[in-house]
Amino acid sequence: MTWTAWRQQAQDFVDASISRLMRDEVFDFFAGHVDPLWTRRRILVEVTAMHAVGGDVLSLRLRSHHRLTPGPAGRHIELCAVIDGVRVCRSYTPLFIGEHELEVGIKKISHGRFSSWIHSQLHVGDLLEIGQIYGQAALSALTIEQTPALIAAGSGMTLAMAMLYDFAERRRMQPVRLLQYARSADDLVYLEELAVLQQRLPHLQVFFALTQKPDSSTPLHGHFDATHWQALDLPADSPVLVCGPAGLVDAVQEVLHDLGHRGEMHVEAYHRDLHMAPDGAAVTVRVKDRAVAMTTQQLLLESLEDAGLQPAYGCRQGICMSCTCRKLQGRVQNAIDGSISEEGEEDIRLCISRPLTDIDLSL
Ligand code: FES
């Protein structure tokens, strides 16, 4: 038995027996001297490896003392760090989750506080905190007789890679097509990892499309259109996963709709333009015994956090429902689709809601 496995067993024994006799903070104080990851109040992970995978994406390998929940691709996890004294969290799609290990890919977003800090300040050996794992398996109804198309760009490639690692682990003979979009050949990501996956998945076919700088090595160029779909040579009922910027996702949905596609489609869009309220009128949001001043152009989650409140949240993109709370009265606008709520009681998602009037919330 290795030292790591022996230590894990010993820690599991302590966890299951005497640790329950102590308060969490007391346990964390003493256990932290043995292993900084051995905590009960928070789940800490250690960065054990990090490497660039192209296109401003950094891959992090993380080790956890706690037992994680391995499972299908498509779920999300929250990563948190203390940056300039403030705890900042963001959600990512892990490439894989093992019992005590996971890997995430983090694309550097210009002006992105968390991703910029990860790219410039994080080192091997540092600790991060992880939150809940949430979300559903992508393409859960897929069978081995079907050939799914995975269409992805930028940070959306982490979900496509998670699917491919899942196939390599659980169904090596799965036929699958991957179509990766990037502005130029230099912006393509995970090329080395894809070459390794092609050895493990004999029926994986990889296509690249360059949108701005065509290259003779990639026959597809420009944005997704009917010719790109035809290049994949798939029947109209093939399952499709599309993950990337909203422009790519919208194009795939429109083109496939026009072509009569009738297979399952799993969609994840990033950087969708938010609807903006026409004015920036001042409003008051009453929550608990606080009155928070905002404008109609601010999102509720961000403004409540700025006011020192700590509402629950996960993806911050309107996907996971973690930030759902009860609005008691007042109107809000859904910043994703622009729809406007009724006056009365209803559940709203704080991360994508703007107040259009004074509102009362039950947090
Ligand atoms: S944080 Fe996920 S829906 Fe709001």
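Predicted model only: the values in this text are computed from it and were never measured.

(A) Fine view of the state of the cysteines. Under the criterion given, the structure shown has one disulfide. In this model Cys-325 remains outside any disulfide bridge; the closest cysteine sulfur is found in Cys-323, 7.9 Å from its own.

(B) Focus on helix 4 (residues 157-170). Taking 1.5 Å of rise per residue, 14 residues should cover 20 Å, and helix 4 covers 20 Å from first to last C-alpha, within 8% of that figure. Counted residue by residue, helix 4 has eleven buried out of 14 residues, so it is predominantly covered. Listed as buried for helix 4 are Met-157, Thr-158, Leu-159, Ala-160, Met-161, Ala-162, Met-163, Leu-164, Asp-166, Phe-167 and Ala-168.

(C) Broad picture of the sheet that holds strand 2 (residues 57-64). Within the open sheet, the seven strands sit side by side as 4-3-7-1-2-6-5. Their pairing is antiparallel. In this open sheet, the two strands that pair with only one neighbour each are strand 4 (86-92) and strand 5 (94-97). Shown here is a sheet whose adjacent strand axes are inclined to one another by a mean of 30 degrees, direction ignored. Pairing analysis gives four bridges linking strand 1 (residues 43-52) to strand 7 (residues 127-134), with the strands arranged antiparallel. Counterpart to Val-45 in the pairing with strand 7 is Leu-128.

(D) Structural detail: the nonpolar core. In this structure, Leu-150, Met-157 and Leu-164 are the most contacted members of the largest nonpolar core, which totals 29 residues. Elements with a minimum of two residues in this core: strand 8 (149-153), helix 4, strand 9 (176-182), helix 5 (191-200) and strand 12 (240-245). Sorting elements by how many residues they give to this core places helix 4 first, with nine residues. Leaving out residues up to four positions away in the same chain, Leu-164 has contacts with Leu-150, Val-176, Leu-178, Leu-194, Leu-197, Leu-201 and Leu-204.

(E) Quick look at the environment of Pro-311. Within the secondary structure, Pro-311 is located in the loop between helix 8 (300-306) and strand 16 (324-329). Judged by its relative accessible area of 7%, Pro-311 falls in the buried class. Once the C-alpha coordinates of Pro-311 and Cys-325 are considered, the two residues, 14 residues apart in sequence, prove to be 8.9 Å apart. When residues no more than four places from it in sequence are discounted, the contact partners of Pro-311 are Leu-301, Leu-304, Glu-305, Leu-350 and Leu-363.

Quick notes on the rules
Residues numbered from 1 in each chain as written. Predicted model: local features only at pLDDT ≥ 70, side-chain atom pairs only at ≥ 80, totals over all residues. Heavy atoms only, no water. Disulfide = S-S within 2.5 Å. Helix = DSSP H or I, 4+ residues; strand = E, 2+ residues; numbered from the N terminus. Expected span 1.5 Å × (residues − 1). Buried < 20%, exposed > 50% of the residue type's maximum accessible area, 1.4 Å probe, protein only. Pairing = 2+ DSSP bridges. Axes fitted to C-alpha atoms, helices over the stretch in contact; angles between N-to-C directions. Core = buried A, V, L, I, M, F, W, Y, C linked by side-chain atoms within 4.5 Å. Contact = heavy atoms within 4.5 Å.

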